[in-house]
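Each chain, letter by letter, is given below.
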Amino acid sequence: MIGLIIVFISWLVFVLSGLGTGLSDLATSTLKYSEADYVVFEKETDFSFSKSILSEDLEEQLLNEKGVEAVASMGTVSASIRSAASDEENATKTDVLIAGIQPGLFMEPSVSSGKALINSNLNGVIVDESLKEDGFSLGDTLAINGSNEEVEIIGFVQNETLNHQPVIFAQLDKFRAIKYAAPGSDNGIENPVNGILLQGTNVDVEAINETIDGIEIGTKDEAVNAVPGYTAENGTIMMMLWFLIIISAFIIGVFFYVLTNQKTQQFGVLKAIGGSNGFVIKTVISQVFVLSAISILVGIGLTYLTAAVLPEGMPFNLKLPMVIIYSIVLLAISVLSSLFSVIKISKIDPLTALGRLE
């Protein structure tokens, strides 16, 4: 029964962890898993791509700064797409986020099918695989609602979403034609982008902020945390997860304590025939360790089985490092919870315990 309880607890912990990471990826995967180390934004825009507007020409200046090894500009705009071959009024529309990038640089993701952005003309785009569920395929021409621009799908990429929307990667000039088509919308900035991502080690952020006017630099983590709703969403999931773990510690501790009380006579017999406190305690802890380890492994197996049958649209991403961390935490909780029982065992008087035998 105790093993079954640990199985269910670990199963729930791992499922919640996978769902939490899946939701987090929906909001931030394009940034979170990018190879960038820092992101440059317009000053006082709270590290937000939607508020920031910079000139791509700043790249040359940034490359001259100490520690900066590579730069890649990016712009983002939310849009609604439909198949260009369909009727505009009756067509199914899909919300996406168009990301303008420079082909061939580190912000261009690897394609899972089709060809890379660098191998296409200006109208070519690579898109997140989730758009396949909406009926889009390689070679399809997409119309951008509210714009006269059209693009062609030349490749698919995996796990590229931002702001809970699938990302369409386009060349920067195509992005500008979509976002800054209206006169004056670029605030008079030449070659506008929303952010410039940096790669480098020992980058002196304060020195760059002082050297270049009108910018602020944040780490990749700061840019991820600035994505609307990400911090609150991730915090809620983590709070639920750790509350579950804390409650689990009490439940497991109580069960082991009750089990110890039921076996007081047996422990008394062990002590009466020469078993030391150390021997009895090591025996109990080793049994708890083995029982918990097997139960947690079963819980992990059930989690992967659950992930296999979840609907395609449900965000779920169970990462191996998190599986290892939570497994160790659950195992440690089980062993530590058994310490209440150990204290009880160490105080058992063999004569008293034997006197209870019927």
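It should be noted that the structure appears before, not after, this text.
These lines cover the structure that appears in this document, whether it is placed above or below. (Residues numbered from 1 in each chain as written. Predicted model: local features only at pLDDT ≥ 70, side-chain atom pairs only at ≥ 80, totals over all residues. Heavy atoms only, no water.)

1. Some points on the overall build of the chain
Moving on, step 1. When you go through the chain residue by residue, the secondary structure sums to 11 helices and 13 strands.
Moving on, step 2. Relative to the globule expectation of 21 Å for 358 residues, the C-alpha radius of gyration of the chain, 28 Å, shows a markedly less compact shape.
Moving on, step 3. When the backbone C-alpha atoms are referred to their principal axes, the chain occupies close to 95 × 50 × 30 Å.
Moving on, step 4. Out of the 358 residues belonging to the chain, those deemed buried represent 46%. (Helix = DSSP H or I, 4+ residues; strand = E, 2+ residues; numbered from the N terminus. Rg over C-alpha atoms; globule rule 2.2 N^0.38 Å. Buried < 20%, exposed > 50% of the residue type's maximum accessible area, 1.4 Å probe, protein only.)

2. Details of the side chain of S24
Moving on, step 1. Note that S24 resides in helix 1 (residues 2-32).
Moving on, step 2. Among the residues examined, S24 registers a relative accessible area of 3% and is labelled buried.

3. Focus on the packing of aromatic side chains
Moving on, step 1. Under the counting rule described, the total for this entry stands at 5 aromatic pairs.
Moving on, step 2. Ring plane angle 75° and centroid distance 5.0 Å describe the contact between F41 and F49, whose orientation is recorded as edge-to-face.
Moving on, step 3. A relative accessible area of 0% places F41 in the buried class.
Moving on, step 4. An aromatic cluster of at least three residues, connected via ring pairs, comprises F41, F47 and F49. (Phe/Tyr/Trp six-rings, centres within 6.5 Å; stacked < 30°, edge-to-face > 60°.)

4. Comments concerning helix 3 (residues 172-179)
Moving on, step 1. Where helix 3 is concerned, the buried positions are L172, K174, F175, R176 and I178.
Moving on, step 2. Elements that come into contact with the buried residues of helix 3 comprise strand 3 (68-83), strand 4 (94-101), strand 7 (141-144), strand 8 (150-157), strand 10 (165-171) and strand 11 (192-193). (Contact = heavy atoms within 4.5 Å.)

5. Some words on the pattern of salt bridges
Moving on, step 1. Following the criterion strictly, the structure yields 6 salt bridges and no others.
Moving on, step 2. Between K32 and D25 there is a salt bridge; the shortest N-O distance is 3.2 Å.
Moving on, step 3. For K32, a relative accessible area of 22% corresponds to the partly exposed category.
Moving on, step 4. Residue R176 pairs with D173 through a salt bridge whose shortest N-O separation is 3.0 Å. Of this pair, R176 and D173 both sit in helix 3, 3 residues apart, which is roughly one turn of that helix.
Moving on, step 5. For R176, a relative accessible area of 11% corresponds to the buried category.
Moving on, step 6. Each of E56, D173 and R176 takes part in salt bridges that share partners, so that together they form one network. (Salt bridge = Lys/Arg side-chain N within 4 Å of Asp/Glu carboxyl O.)

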